[in-house]
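# Architecture at a glance
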Amino acid sequence: MHALIIAAHGSRRQASNQEVHGVAERLARLAGARYPICRAGFLELAEPSIAQAIRQAAAEGATQVSVVPYLLAAGRHVIEDIPAALAEAQAELPDLEIRLSGHIGQSPRLLEVLLDCAEQCQTA
């Protein structure tokens, strides 16, 4: 079974963390059978941590986990911290296949999203 973890920064503002959990829930509905398990994991300031989210997915039967950094730029979190969290989980779960995607800022579709946001300014 394949799981999808959205790896976000985390915030002191609980509503921001809930927003990320909501993204994971909507993504689960969109992904359907491709990713029967879909949840958020956080680097700091919120729960579950990325490693905890991976462990939870494994406990629910995941044999493969794809982790998508929910971050716009390739800063320290993308380059160092998220890979370190994956290494921590991999050390605990050596039989689990854990893969890391590029961060969302790399997606060419992001430009379409930015234009969509700009168009909302025009209609507001």
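See the structure above.
Computed from a predicted structure; not experimentally measured.

## Focus on the overall build of the chain
Scanning the chain for helices and strands turns up 4 helices and 4 strands. In sequence order, the chain lays out its α and β elements as β-α-β-α-β-α-β-α. Taken against the 2.2 N^0.38 rule, which gives 14 Å for 124 residues, the C-alpha radius of gyration of the chain at 15 Å falls within 12% of a compact globule. Per-residue burial over the chain gives 35% buried out of 124 residues. Restricting the contact set of the chain to residue pairs at least 6 apart, pairs at least 24 apart contribute 71%. Per element, the accessible surface of the chain, about 7400 Å² overall, is 54% carbon and sulfur. Each charge class in the chain was averaged separately, 10 positive and 14 negative side chains, and the resulting centres sit 4 Å apart.

## Quick look at the sheet that holds strand β2 (residues 37-42)
The strand order across the open sheet formed by 4 strands is β2-β1-β3-β4, and the pairing between neighbours is parallel. The sheet is open, and its two edges are formed by β2 and β4 (97-100), each paired on a single side. Here the average twist between neighbouring strands, direction ignored, is 25°. On top of the sheet, helix α1 (residues 14-31) reaches β1 (2-8) and β2; it is set at about 160° to β2, its chief contact. Of the strands in this sheet, β1, β3 (64-69) and β4 touch helix α3 (residues 76-92), which is tilted by about 175° from β4.

## Let's talk about the pairing of β2
Counting buried positions along β2 yields 6 of 6 residues, so the element is predominantly enclosed. Two elements, β1 and β2, share 6 bridges in a ladder whose sense is parallel. Along β2, the bridge assignment pairs Ile-6 with Ala-40. The handedness of the β1 to β2 crossover, carried by α1, is right-handed.

## Some thoughts on the environment of Leu-100
Tracing the backbone shows Leu-100 in strand β4. By relative accessible area, which is 38% here, Leu-100 ends up partly exposed. C-alpha of Leu-100 to C-alpha of Ala-46: the two residues are 54 residues apart in sequence and 21 Å apart in space. When near neighbours in sequence (up to four residues on either side) are disregarded, Leu-100 contacts Val-67, Pro-69, Ile-82, Pro-83 and Leu-86.

## Description of the nonpolar core
In this structure, Ile-50, Ile-54, Val-65, Val-67, Ile-82, Leu-86 and Ile-98 are the most contacted members of the largest nonpolar core, which totals 20 residues. Listed by contribution, the elements that provide at least two residues to this core are β1, α2 (50-59), β3 and α3. Formed by 9 residues, the second largest nonpolar core is a distinct cluster that contains Leu-4, Ala-8, Val-20 and Cys-38.

Quick notes on the rules
- Residues numbered from 1 in each chain as written.
- Predicted model: local features only at pLDDT ≥ 70, side-chain atom pairs only at ≥ 80, totals over all residues.
- Heavy atoms only, no water.
- Helix = DSSP H or I, 4+ residues; strand = E, 2+ residues; numbered from the N terminus.
- Rg over C-alpha atoms; globule rule 2.2 N^0.38 Å.
- Buried < 20%, exposed > 50% of the residue type's maximum accessible area, 1.4 Å probe, protein only.
- Contact = heavy atoms within 4.5 Å.
- Areas by Shrake-Rupley, 256 points an atom, 1.4 Å probe, with all protein chains shown as cover.
- Lys, Arg positive; Asp, Glu negative; His and termini not counted.
- Charge placed at Lys NZ, Arg CZ, Asp CG, Glu CD.
- Pairing = 2+ DSSP bridges.
- Axes fitted to C-alpha atoms, helices over the stretch in contact; angles between N-to-C directions.
- Right-handed = clockwise from strand over helix to strand, strands pointing away.
- Core = buried A, V, L, I, M, F, W, Y, C linked by side-chain atoms within 4.5 Å.

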